[in-house]
Amino acid sequence: MPTVKNIVILISGRGSNMEAIVRSAQTEQWESVLQARIAGVISNRPNAAGLAIARDLGVPTLALDHKIYATREAFDAALAQAIDAWQPDLVLLAGFMRVLTAGFVGRYAGRLMNIHPSLLPSFAGLDTHQRALDTGVKIHGSTVHFVTPDLDDGPIIIQAAVPVLAQDNASTLATRVLQQEHRIYPLAVRWFVEGQLQVEQGRVRQLQGQPQWHMQNE
Ligand code: GRF
């Protein structure tokens, strides 16, 4: 009986990327087909909407309120302890709005992923959609990457591109980017558990040669 790979997802709010991953895992029967399961979802905000969504989908949840910890290090230590209880093979940041310490990132090196709503390295940080509009770029998108200690940095696994339309505002652009996020994040996770991702000199190769980009169909 092969051991099952455990995936732990960290959220802070809405949880739509987490939901997309859990639904993919259920629809594609990852537990029997890939020997991988979503072991648990943790939110640093107890009132995160995503916690109820995860519970409704039958996934164990935990709220770990960062506000009760005196330091970032103390919170990260408690978070790592909670994550490790699920013996994770992969930890996913999915709208997790806390900067993590280098110690935390190092603990999960090579098995920690994030999704960021821009085509990195453009627009690291916050307010990516408004900044894309303000800059006047004509193509925008989202990036799934391995996490390194630098914010929104790290080897890029897959990117999705969407056109920036003349009539777009930050909200309409965010909506279209999010639709693509829901396609690429589950795919990146699937590739990881299939052993299809190889990192060499900071670059990620998909061993089967699958396209590591996705274009929104207009
Ligand atoms: C997404 O846009 C993601 O790229 C960013 O935060 C947002 C999270 O949305 N990191 P959700 O909580 O997954 O709905």
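The structure we're discussing is the one just above.
Fair warning: this is a prediction, and the values are worked out from it, not measured in the lab. (Residues numbered from 1 in each chain as written. Predicted model: local features only at pLDDT ≥ 70, side-chain atom pairs only at ≥ 80, totals over all residues. Heavy atoms only, no water.)

Observations regarding the packing of aromatic side chains
As a reminder, the rule being used: Side-chain rings of Phe, Tyr and Trp, where Trp is taken by its six-membered ring, are said to pair if the distance between their centres is within 6.5 Å; with planes under 30 degrees apart they count as stacked, over 60 as edge-to-face, and otherwise as tilted. Lysine and arginine charges are scored as sitting over a ring when NZ or CZ, respectively, is within 6 Å of the ring centre and within 35 degrees of the ring normal.
Taken as a whole, this structure holds 3 aromatic pairs when the rule is applied. Lying across the ring of Phe75, Arg98 places its NZ or CZ 5.6 Å from the centre.

A look at helix H7 (residues 170-193)
Heads up, the rule is: For the purposes of this entry, the term helix denotes a DSSP run of H or I that reaches at least four residues, the term strand denotes a run of E that reaches at least two, and both are numbered from the N terminus. A helix is expected to span 1.5 Å for every residue after the first. Working definition for bend: take the seven residues up to and ending at a residue and the seven starting at it, fit an axis to each, and measure the angle between the axes. As used in this structure description, the phrase polar contact means that two N or O atoms lie within 3.5 Å; if the pair is within protein, one of them must be able to donate a hydrogen and the other to accept it, and residues adjacent in sequence are counted only when both atoms belong to side chains.
Relative to the 34 Å expected for 24 residues at 1.5 Å per residue, H7 spans 34 Å between its end C-alpha atoms, a close match to the ideal helical length. Taking the largest bend as the criterion, H7 deviates by roughly 25°, centred on Glu181. Here H7 starts with a cap whose side-chain oxygen sits 2.9 Å from the backbone nitrogen of Ser171, and that cap is Asn169. Note on H7: the residue one or two positions beyond its end, Gly195, has a positive phi of about 75°.

Re the site of the ligand
Heads up, the rule is: Near residues are defined by distance, with any heavy atom within 4 Å of the molecule or strand qualifying the residue. For accessible areas, the Shrake-Rupley method is used with a probe of radius 1.4 Å. Any residue's cover is judged against the shown protein chains and nothing else. Under the scheme applied here, ten amino acids are nonpolar (Ala, Val, Leu, Ile, Met, Phe, Trp, Tyr, Cys and Pro), four are charged (Asp, Glu, Lys and Arg), and all others, including Gly, are polar.
If you check the shell around the ligand, you find Arg14, Gly15, Ser16, Asn17, Gly95, Ile115, His116, Pro117 and Glu181 and nothing else. Here an oxygen atom of the ligand sits 2.6 Å away from a polar atom, N or O, in the side chain of Arg14. One of the side-chain N or O atoms of Ser16 is found 2.5 Å from an oxygen atom in the ligand. Starting from 370 Å² of accessible surface for the ligand in isolation, the protein chains cover 86%. Residue assignment for the shell around the ligand shows that the elements contributing at least two residues are helix H1 (16-27) and strand S5 (112-116). The residue makeup of the shell around the ligand, split by class, is 2 nonpolar, 5 polar and 2 charged.

What about the packing of H1 against H7?
Rules: To define axes, lines are fitted to C-alpha atoms, for helices over the stretch in contact only, and angles between the resulting N-to-C directions are given on a 0 to 180 degree scale. Working rule for angles: under 35 degrees goes down as roughly parallel, over 145 as roughly antiparallel, 65 to 115 as roughly perpendicular, anything else as oblique. By convention, the crossing between two helices is left-handed when the near helix turns anticlockwise from the far helix through less than a right angle, and right-handed when the turn is clockwise. Any two residues whose heavy atoms approach within 4.5 Å are treated as being in contact.
Two elements in contact, H1 and H7, have axes separated by 9 Å at closest approach and are oriented at 50°. As summarised for this structure, H1 and H7 are arranged oblique, according to the angle between their axes. For H1 against H7, the interelement crossing comes out right-handed. On H7, the residues touching Ser16, Asn17, Ala20, Ile21 and Ser24 of H1 are Leu178, Glu181, His182, Tyr185, Pro186 and Val189. Grouping the constituent residues of the contact of H1 with H7 by class yields 6 nonpolar, 4 polar and 1 charged.

Things to note about the sheet that holds strand S10 (residues 213-215)
Just so we agree on the cut-off: In this analysis, strands are considered paired if DSSP registers two or more bridges between them.
With mixed pairing, the 8 strands of this open sheet are ordered in space as S3-S2-S1-S4-S5-S6-S7-S10. The sheet terminates laterally at strand S3 (61-63) and S10, the two strands that pair on one side only. Recorded for the sheet is a direction-independent mean angle of 20° between the axes of neighbouring strands. Sheet topology places strand S2 (residues 36-43) next to S3; 3 bridges connect them, and they run parallel. When the bridges of S3 are listed, Ile42 appears paired with Leu62. Along the sheet, H7 contacts strand S1 (5-11), S2, strand S4 (90-93), S5, strand S6 (139-146), strand S7 (156-163) and S10; its crossing angle with S7, the most-contacted strand, is approximately 155°.

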